Protein chains: 2
Amino acid sequence: MAVRRVTKAQKPAKGRPRSFDRAAALRAAMEVFWQRGYEATSLSDLTGAMGINAPSLYAAFDCKEALFGEALDLYQVTEGAEPQRLLAQGRTAKESFAAMLRFHAGDYVNPQKPPGCMVVLAAIVGAPENKSVRGLMTKTRRSAVEMLAARIRRGITAGDVPKGADAVAMATFYTTLMQGMSIQARDGATKKQLLATVEAAMAAWDGMVGKR
Amino acid sequence: MAVRRVTKAQKPAKGRPRSFDRAAALRAAMEVFWQRGYEATSLSDLTGAMGINAPSLYAAFDCKEALFGEALDLYQVTEGAEPQRLLAQGRTAKESFAAMLRFHAGDYVNPQKPPGCMVVLAAIVGAPENKSVRGLMTKTRRSAVEMLAARIRRGITAGDVPKGADAVAMATFYTTLMQGMSIQARDGATKKQLLATVEAAMAAWDGMVGKR
DNA sequence: CCAATTCTGTAGCAATCGATAAATAAAGCG
DNA sequence: CGCTTTATTTATCGATTGCTACAGAATTGG
């Protein structure tokens, strides 16, 4: 019986096997990109955090930008899982939004992680030669808005949100607030402060959907 | 009669006079920092935009960080003038906030300028060695919150805002939204979309102050 | 065993980073 | 005029950037 790989049950592989845990190295890279942003993270920052040398990084991840892309994917899958779950599982659209926003209020200032959201912070400005990275981030943020809008449309279908509600406008409003919360988190805001902001935004819900 | 200097009516000066317009060079530097952020703006970006060589830049502005500090001051004085005026001159705190936010909705996507607010965007993440620059930005953002809170307190004193209103919490809420609007501006939001977000936030005002 | 393949460490690539030394030019002052 | 002071241009500085050539090590397949 063949020895089972710790990392993955992949194909047998031909040449010299990789001597490091690719997934763990990617997690380390994600953390550094999240903390410092794309451009301010140097290759030596990355190799240091990942515990490997540059040639190993390039062999496994191709280049800095591709590594960032993978790190962003990992971020969405791991850090995005819980908010997405909360968004989907709420009884109504309003309850879903409240649960998701309250979660972020705590998560953005979790001392175990870099503050704020990587998708908002890691590449918001930068040099012209890294435009493609910023484009990737913009695309990711836009898909997040769309996900929120879809939840509101679901609420309209289900009947817990009035027919006249503007799903995209509402999703944009709450997204904008969430994005601001990432800035606040970097400025040292507390969970309590972020929660107060969330509750203020949720108080606007009924007015936005048209209820009077 | 002495020839009047174009730039300033300063002291006579001793050695060789500066051959460039310091104020114009600073404006150019501000624009580049605003567009690309602190770290992504290289010295050659700066000298190119300012139309001078590196030694002239260092003679006039000391170092990159000091130049950024001056650029940030200039930004606040120029770009901050109109929103501050609107904040001060509104009949009530609510009207002041609405006017300021509506102005920003247009200003953040003014095609004549870099999108969004320099104070929010130019140094939100980065390398550890530039922590002091981020600290300066955080300090600037905090003073902006305080300015909004002061306007609300003025409204409480004047009577247009109920006594029980939490000025800091309200100021934080609207600041958070404004900061998110800078992200939205970088993502290509339109004035119309930003205005819709502003109106949604303003609809929350009466609920926040305690009115029912 | 050998050959083919893939990964790893060392060492270094050209380019750029922020910043400056040195020589010269242009002003005021005496 | 010379002396002092300051700004200018040119030509770098050492350090770091993202990235890679190269040689050797470790694996599979034959």
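Above this text sits the structure in question.
These figures come from a predicted structure and were not determined experimentally.

**Q** Can you break down the overall build of chain A residue by residue, with the values?
**A** Along chain A, the regular secondary structure elements total eleven helices and zero strands. Starting at the N terminus, the α and β elements of chain A follow one another as α-α-α-α-α-α-α-α-α-α-α. Dimensions along the principal axes, computed over C-alpha positions, put chain A at roughly 70 × 45 × 30 Å. Counting all 212 residues of chain A, 50% fall into the buried class.

**Q** Can you tell me about the protein's contact with DNA strand D, naming the residues and giving the values?
**A** Among the 23 residues in the neighbourhood of DNA strand D, the closest are listed as Leu43 and Tyr58 of chain A together with Arg16, Ser19 and Asn53 of chain B. The sugar-phosphate portion of DNA strand D accounts for 70% of its atoms within 4 Å of the protein, the bases making up the rest. Asn53 of chain B is positioned such that a nitrogen or oxygen atom in its side chain is 2.8 Å from a phosphate oxygen of DNA strand D. At three residues, helix H3 (residues 54–61) of chain A tops the list of elements feeding residues into the surface near DNA strand D.

**Q** Explain the protein's contact with DNA strand C residue by residue, including any values.
**A** Around DNA strand C sit 23 residues, and of these Arg16, Ser19 and Asn53 of chain A together with Leu43 and Tyr58 of chain B come closest. For DNA strand C, the fraction of protein-proximal atoms (within 4 Å) that sit in sugar or phosphate groups is 72%. Sorting the residues of the surface near DNA strand C by element identifies H3 of chain A together with helix H2 (43–50) and helix H3 (54–61) of chain B as the ones contributing at least two each. Sort the elements by how many residues they give to the surface near DNA strand C and H3 of chain B lands first, with three residues. Grouping the constituent residues of the surface near DNA strand C by class yields nine nonpolar, eight polar and six charged.

**Q** How would you sum up the relation of the copies chain A and chain B? Please name residues and give values.
**A** If you rotate chain A by 180 degrees and push it 0.0 Å along the axis, it lands on chain B with an RMSD of 0.0 Å. In short, the pair behaves as if placed about a two-fold rotation axis. Identified as the residue of chain A closest to the rotation axis by C-alpha distance is Gly180 of chain A, at 1.9 Å.

**Q** Can you explain the interface of chain A and chain B? Please cite residues and give values.
**A** Facing the 33 residues of chain A at the interface are 33 residues of chain B. Both faces combined, the contact of chain A with chain B buries some 2,900 Å², and carbon together with sulfur accounts for 65% of it. One can count two salt bridges joining chain A with chain B. Between Asp187 of chain A and Arg141 of chain B there is a salt bridge, and its shortest N-O distance comes to 2.7 Å. The interface formed by chain A and chain B contains ten residue pairs in polar contact (both at pLDDT 80 or more). Of all the elements, helix H9 (residues 167–186) of chain A adds the most residues to the side of chain A that touches chain B, at eleven residues. Within the side of chain A that touches chain B, the residues separate by chemical class into 15 nonpolar, twelve polar and six charged.

**Q** How would you summarise the side chain of Thr92 of chain B if you had to cite specific residues and measurements?
**A** Residue and element names in this part refer to chain B. Tracing the backbone through its elements, the reader meets Thr92 in the loop between helix H5 (81–89) and helix H6 (93–107). For Thr92, the side chain forms a polar contact with the main-chain nitrogen of Glu95, separated by 3.0 Å. With residues near it in sequence (within four places) discarded, Thr92 still touches Arg151 and Asp160.

**Q** Requested: an account of the pattern of salt bridges, with residues and values cited.
**A** Residues and elements named next belong to chain A. Evaluation of the coordinates by the stated rule reveals 22 salt bridges over all chains. For Lys113, the salt bridge is made with Asp107, and the minimal N-O distance between the two is 2.7 Å. Note on Lys113: relative accessible area 23%, which makes it partly exposed. Residue class for Asp107 comes out buried when judged on its relative accessible area of 13%.

**Q** Help me get a handle on the nonpolar core, residues and values and all.
**A** Membership of the largest hydrophobic core comes to 132 residues, with the highest contact counts inside it found for Met50, Met118 and Trp205 of chain A together with Met50, Met118 and Trp205 of chain B. Each residue touching Met118 of chain A, except ones within four places of it in the same chain, is listed here: Met30, Phe33, Trp34, Phe68, Ala71, Leu72, Tyr75 and Met137 of chain A.

Basis of the calculations
- What you see as residue numbers is a count from 1 along each chain, following the sequence as written.
- Working convention: letters from A go to chains and numbers from 1 go to ligands, in the order in which they are written.
- The predicted origin of the model limits local features to residues at a pLDDT of at least 70 and limits the giving and counting of side-chain atom pairs to 80 or more, whereas totals for whole chains, interfaces and linings rest on all residues.
- Hydrogens and waters are ignored; side-chain quantities use all the structure's heavy atoms.
- Helix and strand assignments follow DSSP, with helices taken as H or I runs no shorter than four residues and strands as E runs no shorter than two, numbered in order from the N terminus.
- Under the scheme applied here, a residue whose accessible area is under 20% of the maximum for its type counts as buried, over 50% as exposed, and between as partly exposed, the area being computed with a 1.4 Å probe on protein chains only.
- Distances are taken per atom, and a residue is near a molecule or strand as soon as one of its heavy atoms is within 4 Å of it.
- Within 3.5 Å is the distance limit for a polar contact, defined as a pair of N or O atoms, with the added protein rule that one can donate a hydrogen and the other accept it, and that residues adjacent in sequence qualify only through two side-chain atoms.
- All amino acids are sorted into three groups, where Ala, Val, Leu, Ile, Met, Phe, Trp, Tyr, Cys and Pro are nonpolar, Asp, Glu, Lys and Arg are charged, and the leftover types, Gly among them, are polar.
- Here the copies are superposed with least squares, the fitted atoms being C-alpha atoms of residues at a pLDDT of at least 70 in both.
- Throughout, a contact is declared for two residues whenever any of their heavy atoms are within 4.5 Å.
- As used here, buried area is the combined drop in accessible area, with a 1.4 Å probe, of two parts when they are placed together.
- Salt bridges are counted wherever a side-chain nitrogen of Lys or Arg sits within 4 Å of a carboxyl oxygen of Asp or Glu.
- Remark: nonpolar core denotes a set of buried residues (Ala, Val, Leu, Ile, Met, Phe, Trp, Tyr, Cys) joined through side-chain atoms within 4.5 Å.

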